[in-house]
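Analysis of the macromolecular model
Spelled out, the chains give:
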Amino acid sequence: MDAIQQHMIDSYRAAQRGELPPPLPGRHDWGVVREARERRRFDAVIAGRPAYGRRWAALRSLLGKLGRSGKSRKSGKLGKCRPSGA
């Protein structure tokens, strides 16, 4: 049985009892995602870790390690963008 079928059965049962029908499947999905994100931030604060910017900090750290690994990088400006005929 999928979610729509279960919703139809629950709606029928609520109508028989004179109750309000349940919300549609997927109606509160984004709210659940927001709550999970807030919970993760809360747990980070409780554990003494920064709550914001953790992914960017990890990416900067990774890129910094790659930059110091001795691989040659081009220095200077990137190629100039000029319209043709200029």
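Placed above this text is the structure.
Scope of this entry: the structure provided in the associated data block. If you're wondering where the values come from, they're calculated on a predicted model, not measured in any experiment.

**With respect to the pattern of salt bridges**
For the structure shown, the criterion picks out 3 salt bridges. The salt bridge partner of Arg 13 is Asp 10, with a shortest N-O separation of 3.4 Å. Within this pair, Arg 13 and its partner Asp 10 are both found in helix α1 (residues 3–17), separated by 3 residues, close to a single helical turn. Note on Arg 13: relative accessible area 38%, which makes it partly exposed. Among the residues examined, Asp 10 registers a relative accessible area of 24% and is labelled partly exposed. In this structure, Asp 43 engages Arg 39 in a salt bridge whose closest nitrogen and oxygen atoms are separated by 3.2 Å. Pair noted here: Asp 43 and Arg 39 are both in helix α2 (residues 29–46), with a separation of 4 residues, about one helical turn. Residue Arg 39 is classed as exposed on the basis of its relative accessible area, which comes to 52%.

**Regarding α2**
Taking 1.5 Å of rise per residue, the 18 residues of α2 would be expected to cover 26 Å, and the 26 Å separating its terminal C-alpha atoms lies within 8% of that figure. Just beyond α2, the residue with positive phi is Gly 48, at close to 85 degrees.

**Concerning the layout of surface pockets**
Empty space within the largest pocket amounts to approximately 230 Å³. Looking at the largest pocket, the residues that line it are Arg 37, Arg 40, Arg 41, Ala 51, Tyr 52, Gly 53, Arg 54, Arg 55 and Trp 56. Counting residues per element, the ones that place at least two in the lining of the largest pocket are α2 and α3 (54–67). Residue classes in the lining of the largest pocket are distributed as 3 nonpolar, 1 polar and 5 charged.

**Brief notes about the environment of Pro 23**
Residue position: Pro 23 is located in the loop between α1 and α2. A residue is classified by how much of its surface remains accessible, and Pro 23, at 47% relative accessible area, is partly exposed. Separated by 12 residues in the primary sequence, Pro 23 and Ser 11 place their C-alpha atoms 9.1 Å from one another. Aside from chain neighbours lying at most four places away, what touches Pro 23 is His 7 and His 28.

The rules behind these values
Residues numbered from 1 in each chain as written. Predicted model: local features only at pLDDT ≥ 70, side-chain atom pairs only at ≥ 80, totals over all residues. Heavy atoms only, no water. Salt bridge = Lys/Arg side-chain N within 4 Å of Asp/Glu carboxyl O. Helix = DSSP H or I, 4+ residues; strand = E, 2+ residues; numbered from the N terminus. Buried < 20%, exposed > 50% of the residue type's maximum accessible area, 1.4 Å probe, protein only. Expected span 1.5 Å × (residues − 1). 1 Å grid on protein atoms, 1.4 Å probe; cavity = no way out; pocket = protein on both sides within 12 Å on 5 of 7 lines; lining within 4 Å. Points joined across faces, edges and corners; volume = space filled by probe spheres on them. Nonpolar A, V, L, I, M, F, W, Y, C, P; charged D, E, K, R; others polar. Contact = heavy atoms within 4.5 Å.

Note that every value here comes from positions in space, so none of it alone points to a role or purpose.
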